[in-house]
Structure formats: structure tokens, C-alpha cells
Amino acid sequence: MTARRMTITDRWLAAAQRGLEVALDSAPPSQRPSPTAAQPTQLTDLDRAHAAGLMRVNHAGEVAAQALYHGQASVATNPALRAQLLEAADEEQDHLAWCAQRLGELDSRPSRLGPLWYAGSYAIGVAAGAIGDRISLGFVAETERQVEEHLHSHLSQLPEGDERSRAIVEQMKQDEASHGQAARDAGGATLPPPVRWAMRGVAKLMTTLAYWI
């Protein structure tokens, strides 16, 4: 029996289901073990709340990254590019799981705005991917560059002694740098300054809200 080809409606429903799973799953699976080898450190209530806020921001960023890559992959016409995007999404799934696990250890929770982060980022991914492969790859490269900067700032903001959160952020930073370099090596275009500024503004809004909500 021949399998039925997916219609546009099927694809959108599948994307919506994936989005809900990513945004609402409190314990997503990971392919790699968490890099948190250090034993949990006793933090003050204030330090624990701050660490949780930072890791909630990182979790929200990974929800957005999943959506961005899936959105771009959904419209990619180049099979090699689609495979590259989905491979990166798999690594982002690891980040998502690690952040969720750490939030649980900190007696906290992911952002309640997860579905919003996923829907908005998926739409951006579709728009970037529809323009063309070089722009799509350029968008990946610029996104990862900004995320790498953001994670670097978190390394200096995490409470002293919170080595478990720091180990996660360090590994995430390495992975994001690798994704960005792969996108540049594949021919990603340099985005114009107004686009980069807009991306930074959207990211600032998301990180500010996710820290608290």
C-alpha cells in the first residue's frame, strides 16, 4: 500500500503538534547526557532565583531555536540544507532537555510563554527560509552569533559556585558556535545591519519577558 502524501494542512498540523510538544514538555528527551558533572551547590534563595531566571531564558531560547530550525527546514528545497537544519535542531533538543532538567533542580519552571516563543520563531524561520538558501543560512549564522554572545554574558552572571548551570551554558555556547560556523561555511549571506538590529531587539524582548514569566 502506498503511503499518502502529506498535504499543506497535514504539514501545518504536524508543525503545530511539534510546537506544543517542544513548548509544553517539562521533561524532553536528550540524545547526549547533561554536562552537569559537578555536584549541586547549596545556593541562597536569591542566587537560586537568579540562576533559575537565567536558565529559564536559556530554555526559552532553545524553544525558539527548535521552532526556527523547523520553520526553515519546512520550506528548504535543498535536501542537504534541510538535513543540516534538522541535525542542528536535534542538538538544540539536547539543550532544551538540559535546561529543563536544571530548572527542576532549581525548583523552578520554564517560561509560561513557550507556545508564543515557538509560534513566533517558526513564522520567522519560514519567512527566512522562503527567501532563499543563502539568506536562510545567513539567518542561522547571525542568530547563533547573537546567542553565543548572550550565553557568554550568562557565564559571568551565574552565581558563584553554580557549576552545574555553568557547565550546561558552556556546552551550549560551544554547540551554537559550531552551528554558526557550519552555516557560514555552507555559504550563508551576511545580513544587512537593520535586520541584525531587529533580531537583537526581538531577542532582548524575549529574554526580558522569559526571565520573569
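Up top is the structure these notes are about.
Only a predicted model underlies this, so the values are computations on that prediction, with no experimental measurement involved. (Residues numbered from 1 in each chain as written. Predicted model: local features only at pLDDT ≥ 70, side-chain atom pairs only at ≥ 80, totals over all residues. Heavy atoms only, no water.)

For the protein, the helix and strand inventory stands at 7 helices and 0 strands. Taken from the N to the C terminus, the helices and strands of the protein come in the order α-α-α-α-α-α-α. Counting all 213 residues of the protein, 42% fall into the buried class. Long-range pairs, those at least 24 residues apart, make up 85% of the contacts in the protein between residues at least 6 apart in sequence. For the protein, the accessible surface area stands at approximately 11100 Å², while carbon and sulfur atoms represent 59% of it. (Helix = DSSP H or I, 4+ residues; strand = E, 2+ residues; numbered from the N terminus. Buried < 20%, exposed > 50% of the residue type's maximum accessible area, 1.4 Å probe, protein only. Contact = heavy atoms within 4.5 Å. Areas by Shrake-Rupley, 256 points an atom, 1.4 Å probe, with all protein chains shown as cover.)

Within this model, the largest pocket holds a volume of roughly 1000 Å³. Taken together, 42 residues form the lining of the largest pocket, with Met-199, Val-202, Ala-203, Met-206 and Thr-207 sitting closest to its centre. Here the element with the most residues in the lining of the largest pocket is helix H7 (residues 193–212); it accounts for 13 residues. Counted by class, the lining of the largest pocket contains 23 nonpolar, 12 polar and 7 charged residues. (1 Å grid on protein atoms, 1.4 Å probe; cavity = no way out; pocket = protein on both sides within 12 Å on 5 of 7 lines; lining within 4 Å. Points joined across faces, edges and corners; volume = space filled by probe spheres on them. Nonpolar A, V, L, I, M, F, W, Y, C, P; charged D, E, K, R; others polar.)

Let's shift gears to the packing of helix H3 (residues 79–105) against helix H6 (residues 163–185). At a minimum axis distance of 11 Å, the contact between H3 and H6 shows a crossing angle of 165°. Viewed along their axes, H3 and H6 adopt a mutual orientation that is roughly antiparallel. Relative to H6, the crossing made by H3 is left-handed. Contacts between H3 and H6 involve Gln-84, Ala-88, Glu-91, Glu-92, His-95, Trp-98, Cys-99, Arg-102 and Glu-105 on the former and, on the latter, Arg-164, Ser-165, Ile-168, Gln-171, Met-172, Asp-175, Glu-176, His-179, Ala-182 and Ala-183. Of the residues contributing to the contact of H3 with H6, the split by class is 7 nonpolar, 5 polar and 7 charged. (Axes fitted to C-alpha atoms, helices over the stretch in contact; angles between N-to-C directions. Parallel < 35°, antiparallel > 145°, perpendicular 65-115°, else oblique. Left-handed = near helix turned anticlockwise from the far one by under 90°.)

Its place among the elements puts Ser-136 in helix H5 (residues 133–157). Residue Ser-136 is classed as buried on the basis of its relative accessible area, which comes to 2%. Among the polar contacts listed, one links the side chain of Ser-136 to the side chain of Gln-72, at a separation of 2.7 Å. Aside from chain neighbours lying at most four places away, what touches Ser-136 is Gln-72, Ala-128 and Gly-129. (Polar contact = N/O pair within 3.5 Å; in protein donor to acceptor, adjacent residues only side chain to side chain.)

With 20 residues, H7 should reach 28 Å at 1.5 Å per residue; the first-to-last C-alpha distance of 29 Å fits that figure. Of the positions making up H7, those classed as buried are Met-199, Met-206, Ala-210 and Tyr-211. Projected down its long axis, H7 shows its buried positions confined to an angular sector of 125°, all on one face. Residues of H7 that are exposed and point more than 90 degrees away from the buried face comprise Pro-194, Trp-197, Lys-204, Leu-205 and Trp-212. Residues of H7 that are buried make contact with helix H2 (45–75), helix H4 (114–131) and H5. (Expected span 1.5 Å × (residues − 1). Arc of directions from axis to C-beta.)

What follows deals with a nonpolar patch on the surface. The grouping of Leu-205, Leu-209, Trp-212 and Ile-213 at the surface amounts to a nonpolar patch, some 420 Å² of accessible area in total. Summarising the element assignment, Leu-205 is placed in helix H7. (Patch = residues over 30% accessible without salt bridge, like charges linked within 9 Å, V, L, I, M, F, W, Y side chains within 5 Å. Salt bridge = Lys/Arg side-chain N within 4 Å of Asp/Glu carboxyl O.)

Taking 1.5 Å per residue as the helical rise, H6 with its 23 residues ought to reach 33 Å, and the 33 Å between its terminal C-alpha atoms agrees with that figure. Those residues of H6 that sit buried are Arg-164, Ser-165, Arg-166, Ile-168, Val-169, Met-172, Asp-175, Glu-176, His-179, Gly-180 and Ala-183. Downstream of H6 by one or two residues, Gly-187 has phi in the positive range, about 105°.

Once that is clear, we can look at unusual backbone geometry. Residues other than glycine seldom take positive phi values, yet Asp-107 does so here, at roughly 55°. Mapped onto the fold, Asp-107 is located in the loop between H3 and H4.

Turning next to the nonpolar core. Met-55, Leu-106, Trp-117, Ile-168 and Val-169 are the most contacted members of the largest nonpolar core, which has 28 residues in total. At the level of secondary structure, the elements contributing two or more residues to this core comprise H2, H3, H4, H5, H6 and H7. For this core, the element with the most residues is H2, which contributes 9 residues. Aside from chain neighbours lying at most four places away, what touches Leu-106 is Leu-43, Arg-48, Ala-51, Ala-52, Met-55 and Ser-165. With 11 residues, the next largest nonpolar core counts Leu-85, Ala-88, Ala-89 and Val-140 among its residues. (Core = buried A, V, L, I, M, F, W, Y, C linked by side-chain atoms within 4.5 Å.)

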